[in-house]
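# A look at the structure
Letter by letter, the chains look like this.
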Amino acid sequence: AVVSMPDQAVVKVNGEPKGFTPLTIDDLVPADYQVTINSSGYEERSVSAHAVGGYKLIINVQLAQKIEGIEQATPSGELTTTPTPTGVRPPS
């Protein structure tokens, strides 16, 4: 199951569109998957997941709003205009 804030976000599993959140997908076999969630005006989020037989996997994602035109310094001190959501840490 994939739940997101905001809802009605597009869900792709291994690059294949599956529908809109909230979404339950019943036909996945136990395996590793790349789940991508995106919605207009929000940063795309990608999650690696491992489905196990006999268990329900729930992915609950809060998407960060895109902030256009924010300037940030790179490690070399150069400025870049890459949009950066406030208060969201990059994935490890």
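Our subject is the structure listed above.
Here goes a summary of the coordinates provided.

Cut-offs and rules
- Residues numbered from 1 in each chain as written.
- Predicted model: local features only at pLDDT ≥ 70, side-chain atom pairs only at ≥ 80, totals over all residues.
- Heavy atoms only, no water.
- Helix = DSSP H or I, 4+ residues; strand = E, 2+ residues; numbered from the N terminus.
- Contact = heavy atoms within 4.5 Å.
- Salt bridge = Lys/Arg side-chain N within 4 Å of Asp/Glu carboxyl O.
- Pairing = 2+ DSSP bridges.
- Polar contact = N/O pair within 3.5 Å; in protein donor to acceptor, adjacent residues only side chain to side chain.
- Axes fitted to C-alpha atoms, helices over the stretch in contact; angles between N-to-C directions.

What follows concerns the side chain of serine 39. Relative to the assigned elements, serine 39 resides in the loop between β4 (31-38) and β5 (45-51). Beyond its immediate sequence surroundings of up to four residues, serine 39 is in contact with Pro6, Ala9 and Leu63.

This part takes up the environment of glutamate 43. Relative to the helices and strands, glutamate 43 resides in the loop between β4 and β5. For glutamate 43 and alanine 64, which are 21 residues apart along the polypeptide, the C-alpha to C-alpha distance reads 5.5 Å.

As a further point, take the pattern of salt bridges. Oppositely charged side chains can form a pair if their charged atoms are brought close together. Enumeration according to the criterion identifies one salt bridge in this entry. Residues glutamate 16 and lysine 18 are paired through a salt bridge, measuring 3.5 Å at the closest nitrogen-oxygen approach.

Where β4 meets β5, seven bridges bridge the pair, whose relative direction is antiparallel. Counted as the bridge partner of aspartate 32 is histidine 50 from β5. In sequence, β4 turns back onto β5 through a hairpin of six residues, with glycine 41 there showing a positive phi of about 85°.

Look at the link from methionine 5 to proline 6: it is a cis peptide, with omega at 5°. Turning to its location among the elements, proline 6 is positioned in the loop between β1 (2-5) and β2 (10-13). That bond from threonine 21 to proline 22 is cis: its omega, -5°, falls within 30 degrees of zero. For proline 22, the position within the fold is in the loop between β3 (16-20) and β4. With a phi close to 70°, glutamine 8 is a non-glycine residue in the positive phi region. Looking at the element boundaries, glutamine 8 is found in the loop between β1 and β2.

A few words now on the side chain of threonine 21. Within the fold, threonine 21 resides in the loop between β3 and β4. Among the polar contacts made by the side chain of threonine 21, one reaches the side chain of serine 4 at a distance of 2.6 Å. Those residues in contact with threonine 21 that sit more than four places away from it in its chain are Val2, Val3, Ser4, Pro6, Asp7, Gln8, Ala9 and Val11.

What follows is about the sheet that holds β5. Reading across the sheet, the four strands line up as β3-β2-β4-β5 and stay open at both edges, with antiparallel pairing between neighbours. The open sheet has two free edges, formed respectively by β3 and β5, since each of these has just one partner strand. Strand-to-strand, the axes of this sheet are offset by a mean angle of 30°, without reference to chain direction. Inspection of the sheet shows β2 paired to β3 by four bridges, in the antiparallel sense. Pairing of valine 10 across the sheet is with phenylalanine 20, part of β3.

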